[in-house]
Amino acid sequence: MAEIVVQNVRKEFGDFVAVRESSFTVGDGEFFMLLGPSGCGKTTTLRMIAGLELPTSGEIYLDGEEISQQPPSERDIAFVFQMFALYPHMNVRKNISYPLVSQGMPRAQVREKVAEVARILGIGDILDRPVGGLSGGDRQRVALGRAIVRVPKAFMMDEPLGALDAEFRERMAEELRALHDRMGATTVYVTHDQLEAMQMGDKIVVMNNAVVEQFGTPQEIYDKPATMFVADFIGSPPMNFLGFSGTLASGDTVAELGGHQMAMPELRESVAGNLVFGVRPEHIQLVTDGSYRGEVLATEYLGTTQVVTIRTPNGEVKARINSDQPVKMGEAVGLAFNPATVTLFDEGTGRALRSSLNEGVLHG
Ligand SMILES: Nc1ncnc2c1ncn2[C@@H]1O[C@H](COP(=O)(O)OP(=O)(O)O)[C@@H](O)[C@H]1O
Ligand SMILES: [Mg+2]
């Protein structure tokens, strides 16, 4: 059992604030992603959970017990760095055994544990081989074996696949996820790659500029972004933002953009000023009629779908439509938006307005 609660955690390095009042809960057995651009505070957050840094303020709980100021050795949390560094002069078995031997576990028990890990990872047949001659994939598995042999309460992984090339990375990501599904150990995984986070994670925390922007399942984060940052960071191409200014009241179901009535989820708050109508590329249809029109600037063929760039009265948008729909450059097209999927934002704060779409979703 390992539930991790991070509550109002803040970290300062001198005058610099690396993490601001962050809160989220990692459920027992979850594969949990910390996602955000470089420098936003992911590693610092992970290191605080592991005890490698102490929070300036706020609390961290492991299974209900406060551990915020405990040294790493008392937390029983394993921190997995990039999984490359093996001991080159030792064979596979010795590499995997090392963490157990160094904590003084009896030989027979070590053999048993190593055999179990080797079985989980499918490397039972190479235990007596030197690590020098192994393929890249086997080296990773050995490194992973060494990380998991100790069976800690939770794993912290900091961009473990970061240095791998794309194809290999995808395979290791699948293996890691499958391994997690067999072991069920609580894992917090740092990445700056939104695809990796969406594919692997049970839950995602999106961070930006030392702040938690949103915390939720991949689907919540994608369908109901809490901020413009999240809407832009997740998805490829990202969500379209159509800027307009206006006044909207709680209960409204229509926004007026450039003289056109656009249906949207029912608002739950009032707002005035510079607003943004947010719609994902796959929620735009190109139609022959339709009063809201634009000009096709470019198309990008992607196999079953194509991404069409269109100039509209409220800025450029990208629509993802079927490839078999003919589209010509320079052509005037009507745009229809799926109203149930629209997110409205306040441009000044960057936050999503509350509506029937995102009720109950946690804002950062
Ligand atoms: N020990 C430190 N002393 C001073 N600044 C630090 C230290 N560790 C990290 N930082 C700064 O804190 C910010 C967040 O760093 P980090 O958590 O490593 O970001 P990420 O992992 O998201 O790329 C960065 O601006 C980094 O330079
Ligand atoms: Mg980092």
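## Regarding the sheet that holds strand β18 (residues 315-322)
- Spatially, the 5 strands line up as an open sheet ordered β15-β19-β16-β17-β18, and their pairing is antiparallel. Across the chains shown, the open sheet's two edge strands, defined by having one partner strand only, are β15 (284-287) and β18. The sheet shows a mean angle of 45° between the axes of neighbouring strands, taken without regard to direction.
- Summarising the sheet, strand β16 (residues 293-301) and strand β19 (residues 332-337) pair through 3 bridges and their orientation is antiparallel. Within β19, the residue paired with G294 across the bridge is V333.

## Considerations on the pairing of strand β4 (residues 57-62)
- As paired strands, strand β1 (residues 4-13) and β4 are joined by 5 bridges and run antiparallel to one another. From the neighbouring strand, R10 faces β4, where its bridge partner is S57.
- Where β4 lies against strand β5 (residues 65-66), 2 bridges are found, and the strand directions are antiparallel. Bridging from a neighbouring strand, Y61 pairs with E66 of β5.

## Focus: the domain arrangement of the protein
- Along its sequence, the protein is organised into domain 1 (4-223) and domain 2 (237-346).
- The distance between the C-alpha centroids of domain 1 and domain 2 comes to 40 Å.

## Some remarks on the site of ligand 1
- Every residue lining ligand 1 is accounted for by F13, F16, A18, G36, S38, G39, C40, G41, K42, T43 and T44.
- Looking at the shell around ligand 1, the elements that each hand over two or more residues are β2 (16-26) and α1 (42-50).
- If one sorts the elements of the shell around ligand 1 by residue count, α1 sits on top with 3 residues.
- Residue composition of the shell around ligand 1, grouped by class: 4 nonpolar, 6 polar and 1 charged.

## Observations concerning helix α3 (residues 107-121)
- Between its first and last C-alpha atoms α3 spans 21 Å; for 15 residues at 1.5 Å apiece the expected length is 21 Å, and the two agree.
- Within the sequence span of α3, burial applies to V110, V114, V117 and A118. Taken down its axis, α3 places every buried residue within 100° of arc, on the same side. Projecting away from the buried face of α3 at angles above 90 degrees are the exposed residues A108, Q109, E112 and R119.
- Remark: G122 follows α3 within two positions and exhibits a positive phi of approximately 70°.

Definitions and limits used
- Residues numbered from 1 in each chain as written.
- Chains lettered and ligands numbered in written order.
- Predicted model: local features only at pLDDT ≥ 70, side-chain atom pairs only at ≥ 80, totals over all residues.
- Pairing = 2+ DSSP bridges.
- Helix = DSSP H or I, 4+ residues; strand = E, 2+ residues; numbered from the N terminus.
- Axes fitted to C-alpha atoms, helices over the stretch in contact; angles between N-to-C directions.
- Domains from an automatic or database assignment.
- Near = placed C-beta within 6 Å.
- Nonpolar A, V, L, I, M, F, W, Y, C, P; charged D, E, K, R; others polar.
- Expected span 1.5 Å × (residues − 1).
- Buried ≥ 20, exposed ≤ 12 C-beta atoms within 10 Å, placed from the backbone.
- Arc of directions from axis to C-beta.

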